[in-house]
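# Fold and geometry: a report
Chain by chain, the residues run as shown.
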Amino acid sequence: SATRWLVAIAICQALAVVAAILLVRWPEFNLNLASILSSLAAVLLAWLQVRRHQELAHAYGLASHELGLVLAREKYVQTEGELSDFVGDAENAISREHTMWLARRDNLLLRRGRGERRSTWLRRLG
């Protein structure tokens, strides 16, 4: 999970600080662990961001697919009732993605300690 990745990044950064202090104390030591550990922390952070992007791409791909299925039915709409069902299906496809976006956003806000802001924001939505 993301928490494990963040812990690994924090550990790498802390060890890099320790290694930098040790390098200052013993400059004759040939291996610069601070650089290696800092680079590792950067790689882990980049990987974490790639994974987040993949999750979003998957969610948006699914929403796009659902909207494509709804759009394929467009040419068969002939009555007002069918139009109403068609619009309702399109709204449901968008609503599912919007609900998932809100859940991801709320989860992020809660992890950052902004739960009060979340509830205020949701109250404004109605």
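This text gives an overview of the structure that appears in the document. (Residues numbered from 1 in each chain as written. Predicted model: local features only at pLDDT ≥ 70, side-chain atom pairs only at ≥ 80, totals over all residues. Heavy atoms only, no water.)

### Considerations on the overall build of the protein
For the protein, the helix and strand inventory stands at four helices and zero strands. Counting from the amino terminus, the protein carries its helices and strands in the arrangement α-α-α-α. The buried share of the protein, taken over its 126 residues, is 15%. Put simply, 47% of the contacts in the protein that link residues at least 6 apart link residues at least 24 apart. A total of about 9700 Å² of accessible surface is found on the protein, and carbon and sulfur atoms cover 63% of it. (Helix = DSSP H or I, 4+ residues; strand = E, 2+ residues; numbered from the N terminus. Buried < 20%, exposed > 50% of the residue type's maximum accessible area, 1.4 Å probe, protein only. Contact = heavy atoms within 4.5 Å. Areas by Shrake-Rupley, 256 points an atom, 1.4 Å probe, with all protein chains shown as cover.)

### Focus on the nonpolar core
Residues Ile9, Cys12, Ala41, Leu44 and Leu48 constitute the largest nonpolar core, which totals five residues. Elements that contribute at least two residues to this core include exactly α1 (2-25) and α2 (33-72). Take this core: its biggest share by element is three residues, from α2. (Core = buried A, V, L, I, M, F, W, Y, C linked by side-chain atoms within 4.5 Å.)

### Quick notes on the environment of Ala41
The residue Ala41 is located in helix α2 in this model. When its relative accessible area of 5% is taken as the criterion, Ala41 is described as buried. A C-alpha to C-alpha distance of 9.7 Å links Ala41 and Trp5, two positions 36 residues apart in sequence. Leaving out residues up to four positions away in the same chain, Ala41 has contacts with Ile9, Cys12 and Gln13.

### Describing the packing of α1 against α2
Between two packed helices, both the angle of their axes relative to each other and the distance between the axes serve to describe the pair. Axis separation between α1 and α2 bottoms out at 8 Å; the angle between their running directions is 165 degrees. As summarised for this structure, α1 and α2 are arranged roughly antiparallel, according to the angle between their axes. Where α1 crosses over α2, the two elements pack in a sense that is left-handed. Packed against α1, whose contacting residues are Ala2, Trp5, Leu6, Ala8, Ile9, Cys12, Gln13, Leu15, Ala16, Ala19 and Ala20, the element α2 presents Leu33, Ala34, Leu37, Ser38, Leu40, Ala41, Leu44, Leu45, Trp47, Leu48 and Arg51 at the interface. Split by residue class, the contact of α1 with α2 holds 19 nonpolar, two polar and one charged. (Axes fitted to C-alpha atoms, helices over the stretch in contact; angles between N-to-C directions. Parallel < 35°, antiparallel > 145°, perpendicular 65-115°, else oblique. Left-handed = near helix turned anticlockwise from the far one by under 90°. Nonpolar A, V, L, I, M, F, W, Y, C, P; charged D, E, K, R; others polar.)

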